[in-house]
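Analysis of the macromolecular model
Chain by chain, the residues:
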Amino acid sequence: MADVIKIKRGLDIPLAGDADKVIINSEKSDFYALVPDDFHGVIPKILVKCGDNVKVGTPLMCDKNRPEIQFVSPVSGDIVAVNRGERRKVLNIVVKSDGKSEAVDFGAFNIASIDRDQVKSILLNAGLFPFIKQRPYDIIANPTDTPRDIFVTAFDSAPLAPDFNLVLKREEKALQAGIDALAKLTDGKVYLSVRASDESIKVTGCEVAKFDGCHPSGNVGVQIAAIAPVNKGETVWTISAFDLLMIGRLINTGKPDFTRVIALTGAEVERPTYLRCVFGASISSLIGNNLKNTGHHQRIISGNVLTGTKVAKDDFLRAYSSQITVIPEGDDCNEFFGWATPGLGKFSLSHTFCSWLSGSKKRYNIDARIRGGERGIIMSGEYDKVFPMDILPEFLIKAVIAFDIDKMENLGIYEVAPEDFALCEFVDTSKLPLQQIIRNGLDELMKEMN
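Quick summary incoming for the structure in this document. (Residues numbered from 1 in each chain as written. Predicted model: local features only at pLDDT ≥ 70, side-chain atom pairs only at ≥ 80, totals over all residues. Heavy atoms only, no water.)

Here's the deal with the sheet that holds strand β8 (residues 77-84)
In spatial order, the strands read β3-β9-β8-β5; together these four strands make up an open sheet with antiparallel pairing. For this open sheet the edge positions go to β3 (31-34) and β5 (53-54), each flanked by a neighbour on one side alone. Where β8 meets strand β9 (residues 90-97), seven bridges bridge the pair, whose relative direction is antiparallel. By the bridge assignment for β9, Gly77 is matched with Ser97. (Pairing = 2+ DSSP bridges. Helix = DSSP H or I, 4+ residues; strand = E, 2+ residues; numbered from the N terminus.)

A word on the packing of helix α3 (residues 172-183) against helix α5 (residues 241-253)
For the pair α3 and α5, interaxial distance at closest approach is 7 Å and the crossing angle is 90°. Judged on the interaxial angle alone, α5 and α3 are roughly perpendicular. Taken together, the residues of α5 that come into contact with α3 (itself represented by Lys173, Ala174, Leu175, Ala177, Gly178, Ile179, Ala181 and Leu182) are Leu244, Leu245, Ile247, Gly248, Arg249, Ile251 and Asn252. Across the contact of α3 with α5, the residue classes break down as ten nonpolar, three polar and two charged. (Axes fitted to C-alpha atoms, helices over the stretch in contact; angles between N-to-C directions. Parallel < 35°, antiparallel > 145°, perpendicular 65-115°, else oblique. Contact = heavy atoms within 4.5 Å. Nonpolar A, V, L, I, M, F, W, Y, C, P; charged D, E, K, R; others polar.)

Details of the packing of aromatic side chains
For the structure shown, the criterion picks out twelve aromatic pairs. Residues Phe131 and Tyr320 carry aromatic rings whose centres are separated by 5.7 Å and whose planes lie at 75° to one another, so their mutual orientation is edge-to-face. A residue pair is termed long-range when its members are at least 10 positions apart, and Phe131 in the loop between α1 (116-125) and β10 (133-135) and Tyr320 in the loop between β19 (309-311) and β20 (323-328) qualify at 189 residues. Directly above the aromatic system of Tyr320 lies the positively charged group of Lys133, at a separation of 4.3 Å from the ring centroid. The ring of Tyr364 has Lys362 lying over it, and the distance from NZ or CZ to the ring centre is 5.4 Å. (Phe/Tyr/Trp six-rings, centres within 6.5 Å; stacked < 30°, edge-to-face > 60°. Lys NZ or Arg CZ within 6 Å of the ring centre and 35° of its normal.)

A look at empty space enclosed by the protein
This structure, assessed with the given rule, holds two cavities of 30 Å³ or more. Considered as a void within the structure, the largest cavity measures approximately 50 Å³ in volume. Lining the largest cavity are Leu34, Phe39, Phe71, Val72, Gly127, Phe131, Phe258 and Phe279. For the lining of the largest cavity, the residue count by class is seven nonpolar, one polar and no charged. Size it by volume and the second largest cavity reaches roughly 30 Å³. (1 Å grid on protein atoms, 1.4 Å probe; cavity = no way out; pocket = protein on both sides within 12 Å on 5 of 7 lines; lining within 4 Å. Points joined across faces, edges and corners; volume = space filled by probe spheres on them.)

Structural notes on unusual backbone geometry
In terms of backbone geometry, most residues other than glycine have negative phi values and most peptide bonds are trans. In this model, Arg135 is joined to Pro136 through a cis peptide bond whose omega is 10°. Inspection of the secondary structure assignment puts Pro136 in the loop between β10 and β11 (139-140). In this chain, His215 is followed by Pro216 through a cis amide linkage whose omega measures 20°. Along the chain, the position of Pro216 falls in the loop between β14 (207-213) and α4 (220-227). Positive phi values are uncommon outside glycine, yet Arg87 reaches one of about 55°.

Overview of the environment of Gly330
Residue position: Gly330 is located in the loop between β20 and α7 (393-402). In sequence terms Gly330 and Leu291 are 39 residues apart; their C-alpha atoms lie 16 Å from each other. Gly330 has contacts with His297, Asp367 and Arg369, leaving out every residue within four places of it along the chain.

Some words on a nonpolar patch on the surface
Together, Met379, Leu392 and Phe395 make up a nonpolar patch on the protein surface, roughly 280 Å² of accessible area in all. The topology assignment puts Phe395 in helix α7. (Patch = residues over 30% accessible without salt bridge, like charges linked within 9 Å, V, L, I, M, F, W, Y side chains within 5 Å. Areas by Shrake-Rupley, 256 points an atom, 1.4 Å probe, with all protein chains shown as cover. Salt bridge = Lys/Arg side-chain N within 4 Å of Asp/Glu carboxyl O.)

A word on α7
For α7, the full list of buried residues reads Pro393, Glu394, Leu396, Ile397, Ala399 and Val400. Where α7 is buried, its residues contact α8 (405-410) and α10 (434-449). Looking one or two residues past α7, Phe403 carries a phi angle of roughly 50°, positive in sign. (Buried < 20%, exposed > 50% of the residue type's maximum accessible area, 1.4 Å probe, protein only.)

Comments concerning the sheet that holds strand β1 (residues 4-7)
Taken in spatial order, the seven strands of this open sheet run β1-β14-β13-β12-β15-β10-β11, and their pairing is mixed. Every other strand in the sheet has two partners, leaving β1 and β11 as the edge strands with one partner each. Alignment of strand β12 (residues 150-153) against strand β15 (residues 236-240), held across four bridges, turns out to be parallel. Counted as the bridge partner of Val152 is Ile239 from β15. The strands that α4 touches are β1, β10, β12, β13 (190-195), β14 and β15; relative to β12, the one it contacts most, it runs at about 130°. Contacting β12 and β15, α5 crosses the sheet at an angle of about 90° to β15.

Re the state of the cysteines
Per the counting criterion, the structure on display carries zero disulfides. Residue Cys214 stays outside any disulfide, its sulfur separated by 13 Å from that of Cys424, the closest cysteine. Residue Cys214 is classed as buried on the basis of its relative accessible area of 18%. (Disulfide = S-S within 2.5 Å.)

Side note on the layout of surface pockets
In this model, the second largest pocket occupies a volume close to 770 Å³. Together, 29 residues line the second largest pocket, and Arg66, Tyr137, Ile139, Met446 and Asn450 are the ones closest to its centre. The leading source of residues in the lining of the second largest pocket is α10, at four residues. Its residues assigned to classes, the lining of the second largest pocket comprises twelve nonpolar, eight polar and nine charged.

Re the side chain of Ser322
In this structure, Ser322 sits in the loop between β19 and β20. Under the relative-accessibility criterion, Ser322 is labelled buried at 12%. When near neighbours in sequence (up to four residues on either side) are disregarded, Ser322 contacts Asp156, Pro162, Phe242, Arg260, Val261, Ile262 and Ala263.

As for the pairing of β8
If a strand is regular, its side chains alternate between the two faces of the sheet. Where β5 and β8 come together, two bridges link them in antiparallel fashion. Its bridge partner being in β8, Val54 is matched across the sheet by Gly77. Hairpin connection from β8 to β9: five residues lie between these consecutive antiparallel strands, with Arg87 at a positive phi of about 55°.

Coordinates in, geometry out; function isn't part of it.
Structure (structure tokens):
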């Protein structure tokens with residue numbers, strides 16, 4: 001696909017706190033955790049108990065409904081806690097690292113000589129299959145299915161997102177091996193989406209699609225809609241190139257390696273940078289003493305500000321996160337007549353404040369306040385300005401709230417995921433939880449169809 005696909009609608013939120021293009025090793029974490037809530041729709045069945053010794057790749061839990069989908073330890077060490085909440089819900093499984101990173105050896109693979117079922121078995125046993133998702137429903141892919149196509153996104157357009165080109169350095173062989181493995185899993189095509197300006201990613205065995213435009217051009221849903229939309233009855237699989245590198249390492253070495261490079265970003269970070277770590281590491285070990293002492297409350301987010309998860313310092317890096325963002329909480333800020341001031345330091349899409357006169361290069365320190373209460377949907381077309389897919393977002397949201405299945409299907413519910421509505425939620429004057437509405441709609445629709 002030589003032509004550049006231009007995404008004309010969307011919004012780049014100019015947050016302060018970009019990470020310097022330098023990768024450093026994070027401080028070693030003593031404890032790592034697997035959090036079941038990271039994997040939507042999974043009912044965890046615990047396979048270990050406190051005191052068990054585990055290696056990298058040892059199964060810690062599986063999905064009760066699909067026991068072949070296993071979730072493994074990211075490090076070697078001892079199980080020290082299986083924390084539960086209300087109604088004995090599993091909150092996390094904590095491993096105390098021994099610092100040795102001993103891994104289960106699945107043996108060397110020649111990807112050219114193994115078939116589809118063998119590739120699936122390798123990914124399932126090594127705990128890497130949960131990083132492959134499916135559309136519709138935006139859940140972990142069903143290993144018994146054969147997808148029409150597989151889509152890999154090799155760039156992230158979210159606010160302060162990490163640069164995949166920097167992450168890819170010295171990992172080219174892993175990326176190619178990952179692409180080769182995905183090609184075994186479908187009778188269709190593997191599409192790799194990159195930025196239009198990117199000439200450094202060179203792989204074979206897939207079709208490269210180039211995208212130009214602001215966020216959400218990096219969302220895989222937007223890329224699918226632009227390349228080959230999902231119709232009713234079809235299934236496609238998706239994976240981030242950040243996660244695909246882990247599959248490539250497994251294919252090349254025979255051992256699972258959950259190392260990843262994340263970006264530590266945000267206006268409240270003293271020295272924003274890139275960190276080499278292992279997913280599940282404690283947040284405190286990743287942040288260390290690198291937060292500004294502003295005296296204000298701070299919000300730590302595992303992920304980006306639009307779709308990430310709020311965490312505390314004693315929490316853990318979530319499985320799908322490729323960045324940590326720290327911004328002001330905003331709950332300790334009091335502005336006298338804030339609505340009536342010129343707002344030179346406030347970002348506004350609608351030119352409500354005079355800050356737009358500062359130009360497009362200005363960076364803003366935006367806090368986590370919603371700035372308003374929930375109210376009825378205002379049909380103003382504001383979603384359409386930032387929603388680039390060929391879907392009517394306001395009408396789809398109303399159909400989901402009413403759970404009108406026919407309208408939901410006609411309006412494109414099978415093509416979307418909650419993250420596709422993150423920008424709509426950001427600009428929404430009604431202050432509605434649009435991502436949660438879409439998530440609930442997809443869950444109910446999946447129950448109905450099954």
